[in-house]
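Observations on the model geometry
Each chain is listed here by its residues.
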Amino acid sequence: MMMKELSLHILDIVQNSIVAGATLIEIAIKVDHAGDWMAISVSDNGRGMDKVLLSQVESPFTTSRTTRKVGLGIPMFKAGAEGAGGSFTIKSTPGKGAYIEATYQISHLDRPPLGDIAGTLYVTVVCNDTIDIVFRYTVDDAGYSLDTREIRAVLGEDVPFNTPEVSQWIKNELAEGIHSLNGGV
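Owing to the predicted nature of the structure, the values given are computational and were not obtained by experimental measurement.

Oppositely charged side chains may form a pair once their charged atoms are brought near each other. On inspection of all chains with the given rule, the structure shows 3 salt bridges. Among the salt bridges present, the one from Glu 26 reaches Arg 136, with a minimum N-O distance of 3.1 Å. You can see Glu 26 sitting in strand S1 (residues 24–32) and its partner Arg 136 sitting in strand S5 (residues 132–139), a full 110 residues away along the chain. Among the residues examined, Glu 26 registers a relative accessible area of 26% and is labelled partly exposed.

Pasting the structure below:
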């Protein structure tokens, strides 16, 4: 069963990065209406994968989790991208992290909606305030970004992101920033 929204795939990949010990996760969404494509990428500085795991990670029967025997996130992300006229790339270096990119043909009938990307990022940032998260969203020639390192520089290291005022500000900032581009894809 495929995930109904691309934001859920992003959440799954980010969770993999967190489990891999990443301290910096970069999420980018690029939309080009004239070219009829959208790209989603997630990169991290976590443990990375060796060549053997990297060659197997696209199989649903490969997982590093001990709670279940199948790993469906990456295989479903890949299948969804390729099934919607796009492509999928995964690269990793042990000790340096991983990079995943999925592209989609925007007009393709089988392309899932982006979904609640603001909500996904909000939960990711507020629940993981010791991890630096950089989000870049580009629609045609306009862009928006949120970098938790910049927020920390203003607030100081002692103010957690789950403080009610900070949490609400992050939620509003993401919603307004994403909506200002085009209201979502």
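This part covers the packing of aromatic side chains. Tallied over the entire structure, the rule returns 3 aromatic pairs. With a centroid separation of 6.0 Å and an interplanar angle of 80°, the aromatic rings of Phe 77 and Phe 88 are classed as edge-to-face. In this pair, Phe 77 sits in helix H3 (residues 73–83) while Phe 88 sits in strand S3 (residues 88–93), placing the two residues 11 residues apart along the sequence. Directly above the ring of Tyr 122 sits Lys 171, whose terminal nitrogen or CZ lies 5.6 Å from the centroid.

Turning to H3, its buried residues number three or more, namely Gly 73, Ile 74, Pro 75, Met 76, Phe 77, Gly 80 and Ala 81. For H3, the secondary structure elements touched by its buried residues are helix H1 (6–19), strand S2 (37–44), S3 and strand S4 (97–105). The positive-phi residue at the C-terminal boundary of H3 is Gly 85, with phi of around 75°.

This paragraph deals with the sheet that holds S3. Sheet strands pair via backbone hydrogen bonds, and the direction of the pair is either parallel or antiparallel. Judged by pairing direction, the sheet is mixed, and its 6 strands sit side by side in the order S3-S4-S2-S1-S5-S6 without closing on themselves. The open sheet terminates on both sides in strands that have one partner only, identified here as S3 and strand S6 (142–147). Strand after strand, the sheet turns through a mean of 5° between neighbouring axes, direction not considered. Across the sheet, H1 lies against S1, S2 and S4, angled at about 15° from S2, the strand it touches most. In this fold helix H5 (residues 148–155) packs onto S1, S5 and S6, with an angle of close to 55° to the strand it touches most, S6.

It is worth spelling out the confidence of the model for the chain at this point. Residues at a pLDDT of 70 or more form 88% of the chain, whose mean pLDDT is 88. In the model, residues 64–71 has pLDDT below 50 throughout and makes 12 contacts with residues more than four positions away in sequence or in other chains.

With that out of the way, let us pick up the environment of Ala 81. Within the fold, Ala 81 resides in helix H3. Among the residues examined, Ala 81 registers a relative accessible area of 0% and is labelled buried. Residues Ala 81 and Leu 6 lie 75 residues apart in sequence; the distance between their C-alpha atoms is 9.7 Å.

Turning next to the side chain of Thr 120. With respect to the element layout, Thr 120 can be found in helix H4 (residues 117–127). The residues touching Thr 120, leaving out its near neighbours within four places in the chain, are Ser 7 and Leu 11.

Parameters and conventions
- Residues numbered from 1 in each chain as written.
- Predicted model: local features only at pLDDT ≥ 70, side-chain atom pairs only at ≥ 80, totals over all residues.
- Heavy atoms only, no water.
- Salt bridge = Lys/Arg side-chain N within 4 Å of Asp/Glu carboxyl O.
- Helix = DSSP H or I, 4+ residues; strand = E, 2+ residues; numbered from the N terminus.
- Buried < 20%, exposed > 50% of the residue type's maximum accessible area, 1.4 Å probe, protein only.
- Phe/Tyr/Trp six-rings, centres within 6.5 Å; stacked < 30°, edge-to-face > 60°.
- Lys NZ or Arg CZ within 6 Å of the ring centre and 35° of its normal.
- Contact = heavy atoms within 4.5 Å.
- Pairing = 2+ DSSP bridges.
- Axes fitted to C-alpha atoms, helices over the stretch in contact; angles between N-to-C directions.
- pLDDT = per-residue confidence, 0-100.

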